[in-house]
Amino acid sequence: MERKAAARARIPEVLTKVLFALLILIFLFCSVCSLLWTCTIDPHDYIKEHILFQTDSFWLNLGVLAALFLVCAVLLIRFGSRIRKKHVRIAGIVMLCWTFALSMIWMTAVRSVPTADSRYVLEAASSAAKNDFSFFSSKQHYFQMFPYQLGIVAIYEGINRLFGGAATTAMYALNAASLTAACWAIVVLAERVFSDRRVTLLTILALMLCVQPILYTSFLYGSLIGLAAMLWACVLLLRFLVSGRNHLIVWIALLCAFSVTAKQNNWIGVAAICIVLLLSLIRRFRFSGIVCALAVVLAPILALGAIQSSYESRAGVQLGEGTPQTAWLVMGLSDSERAPGWYNGYTYSVLKEAGMDTEQAKAAIRRDLSERLDALSSDRAYAADFFYKKVLSQWNEPSFESVWVSKAREHESALPAFAANVYDGALGDALNVYFEHGVTFLYSLFAAGLLAMLIRRRGAGNLLRADAERRAPDETTAEARALLPLIILGGFLYHLLFEAKSQYALVYLPMMLPYAAFGLVRSADALRCLLTKRNARRIPA
């Protein structure tokens, strides 16, 4: 029995190593590409998100990367042993205040006028709060095409009913609070997975320096709301795996439902949670694990179904299934004036051209998908160039459209000087340089952190004995270490095939930070050992 149990326990470890190996290859590739190229939004075609692929100075970028690593490693070697719990707590409080305050300042300064999806959602929420459902009969047929958007409409309708004329300000505050909560969850996950004060503190500092999500808070949509809910579902999942407390299943399911309701892409997080639960069942079977997996899948389905049924009943309409999800696959495999695989209007037009008949739309999508697969498979050079540029346009556009989401729109009032400077001044130029080198540094350390976890010996992840002693061994199992990387890999693969935009990759940046911090810690430890051995050889016997 013991041998069988040990064999079962090795399966999650092996699968986790495969996961880490895949991500190492992906982000080493992204790191090297970021040394050679940078993607930017064409300033002459800015509103249309046209992506330019610009050549970089490899040696300059490599020199900056090396300098950043050496400075951080030396500081960590010098001061890392002095980090105490109180330092981590104080830094955490400062990070939470910093994130919320800076987000509110930025959002208040720019207050852009919503367009496209954001406008349809916000206008529908405002009208629904007044029991006006005329938006269902508009010429755009927006919610007939995308009924899943009623999830975020329901959230914003509630805010409109609660806050009335101050609803927009409340929505901005919700964005700021959501990002702050997401950062807090990342810190909790870093502390639980690594049990190292240095990793936790570095994660906190990195979250403060990760400016793109703060700039992105000006975009009123469900991305940050869904991110916060999903990350806290991950926190509770790790607690459930350790404690086995069944009441946590309810909260995990509710958070997953809220996350998917706010943003459909969070099905990726739900899938990652289910995979982690499956891995835990391989290690040790618990019926509650099956219940939890079923709950996190069913809860979002039931929530979205209930929301759509509620709106249909209130408005006296039948919305149907909407645009089939495979339409986003066709678009993700198609060319676009923006960049390969980016939005090209296909998901907006396919159902309309089929006379709003879902079955006819599915047939058209199957034909178009077959054509795109034939085009890609028949010309390997074209396919390689297509996916190469698609990956770069998402993961090597270092602003991740965090500035674009507000700059490309009109504003409710005149911009203050500092905001105008961010858009078109020296501050904006400085941010672009900072983003470019910061993303390269992050990808490199993220790959290094995963490599360190891949090759480390059993228990080597607990780098500070004082912290390690207060952690149960099960809390750093393969399942715990794999959770955030699974979400990141899921996001990478999903947007490799389906619709792409660099802003879609932005939500995965904070998830990389704990592993990048671990990579820096282990690299600094290796450098310290190397220097110690070198100095020891110089000392005469």
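Computed from a predicted model, the values in this text were never measured in an experiment. (Residues numbered from 1 in each chain as written. Predicted model: local features only at pLDDT ≥ 70, side-chain atom pairs only at ≥ 80, totals over all residues. Heavy atoms only, no water.)

1. Description of the packing of aromatic side chains
Rule in force here: Working definition: a ring pair exists when centres of Phe, Tyr or Trp rings (six-membered ring for Trp) sit within 6.5 Å. Plane angles under 30 degrees give stacked, over 60 give edge-to-face, the rest tilted. A helix here means a DSSP run of H or I that spans at least four residues, while a strand means a run of E at least two residues long, and both kinds are numbered starting from the N terminus. Summary of the burial criterion: residues with accessible area below 20% of their type's maximum are buried, those above 50% are exposed, and those between are partly exposed, where the area comes from a 1.4 Å probe applied to protein chains only. Cation placement over rings: the criterion is NZ of Lys or CZ of Arg within 6 Å of the ring centroid and within 35° of the ring normal.
Enumeration according to the criterion identifies 31 aromatic pairs in this entry. Considering the side-chain rings of Phe29 and Tyr388, the 6.1 Å spacing of their centres and the 70° angle between planes classify their relative orientation as edge-to-face. Note that Phe29 is positioned in helix α1 (residues 2-36) and Tyr388 in helix α17 (residues 380-395), a separation of 359 residues in sequence. Overall, the relative accessible area of 36% leaves Phe29 in the partly exposed class. Exposure remark for Tyr388: the relative accessible area of 28% places this residue in the partly exposed category. Measuring from centroid to centroid gives 6.0 Å for Tyr434 and Phe435, while their planes differ by 50°, and the two rings are tilted. Residue classification places Tyr434 among the partly exposed residues on the basis of a relative accessible area of 35%. Take Phe435: its relative accessible area is 2%, and that puts it in the buried class. The ring of Phe240 carries Arg286 above its face, with NZ or CZ at 5.4 Å from the centroid.

2. Quick word on the pattern of salt bridges
Quick note on the threshold: Take a side-chain nitrogen of Lys or Arg and a carboxyl oxygen of Asp or Glu: if they are within 4 Å of each other, that pair is a salt bridge.
Counted according to the given criterion, the structure contains 16 salt bridges. Glu157 serves as the salt-bridge partner of Arg314, at 2.7 Å between the closest nitrogen and oxygen. Placement of Arg314 in helix α13 (residues 287-315) and of Glu157 in helix α6 (residues 150-163) is noted, with a sequence separation of 157 residues between them. Three or more residues are tied together by salt bridges with common partners; here these are Glu13, Arg283, Glu479 and Arg481.

3. Some remarks on the confidence of the model for the protein chain
Condition: pLDDT measures how confident the predictor is about each residue, on a scale from 0 to 100. Here a residue-residue contact requires only that any non-hydrogen atoms of the pair lie within 4.5 Å.
Mean pLDDT over the protein chain works out to 90, with 94% of the residues at or above the 70 mark. In this model residues 458-475 is a low-confidence stretch, pLDDT under 50, and it forms 31 contacts with partners more than four residues away in sequence or in other chains.

4. Remarks on the nonpolar core
For soluble globular proteins, the rule of thumb is that nonpolar side chains tend to be buried together. For clarity, the cut-off: Side-chain atoms within 4.5 Å are what join buried Ala, Val, Leu, Ile, Met, Phe, Trp, Tyr and Cys residues into a set we call a nonpolar core.
Phe27, Tyr156, Trp395 and Tyr443 are the most contacted members of the largest nonpolar core, which totals 181 residues. With near-sequence residues (within four places) excluded, Tyr443 lies in contact with Phe27, Cys30, Ser31, Trp395, Phe400, Leu509 and Met512.

5. Some details on the environment of Ile275
Along the chain, the position of Ile275 falls in helix α12 (residues 267-283). For Ile275 and Leu486, which are 211 residues apart along the polypeptide, the C-alpha to C-alpha distance reads 8.5 Å.

6. A look at the side chain of Ser112
Looking at the secondary structure, you find Ser112 in the loop between α3 (85-110) and α4 (116-129). With near-sequence residues (within four places) excluded, Ser112 lies in contact with Tyr172, Ser218, Val405, Ser406, Arg409, Glu410, His411 and Glu412.

7. Section: helix α7 (residues 167-194)
Since there are 3.6 residues in each turn of an α-helix, residues three or four apart along the chain are aligned in direction. Put simply, the rule is: Helix span, expected: 1.5 Å multiplied by one less than the number of residues in the helix.
When the terminal C-alpha atoms of α7 are compared, their 40 Å separation across 28 residues agrees well with the 40 Å that a helix rising 1.5 Å per residue should span. α7 sits mainly inside the fold: 20 of its 28 residues count as buried. Once α7 ends, the next one or two residues include Ser195, with phi positive near 50°.

8. Thoughts on a nonpolar patch on the surface
Put simply, the rule reads: Patches draw on residues past 30% relative accessible area with no salt bridge. Two like charges within 9 Å are joined, as are two nonpolar side chains (Val, Leu, Ile, Met, Phe, Trp, Tyr) within 5 Å. To measure how exposed things are, a 1.4 Å probe is used in the Shrake-Rupley method; for residues, cover is taken only from the protein chains shown.
A cluster of nonpolar side chains, Leu294, Leu298, Ile301 and Leu302, forms an exposed patch at the surface whose accessible area comes to about 400 Å². Looking at the secondary structure, you find Ile301 in helix α13. Under the relative-accessibility criterion, Ile301 is labelled partly exposed at 45%.

9. Some thoughts on the environment of Gln325
Position of Gln325 among the secondary structure elements: in the loop between α13 and α14 (326-332). In this structure Gln325 comes out as partly exposed when scored by relative accessible area, which is 42%. Taking C-alpha positions, Gln325 is 9.8 Å from Ile365, a pair spaced 40 residues apart along the chain.

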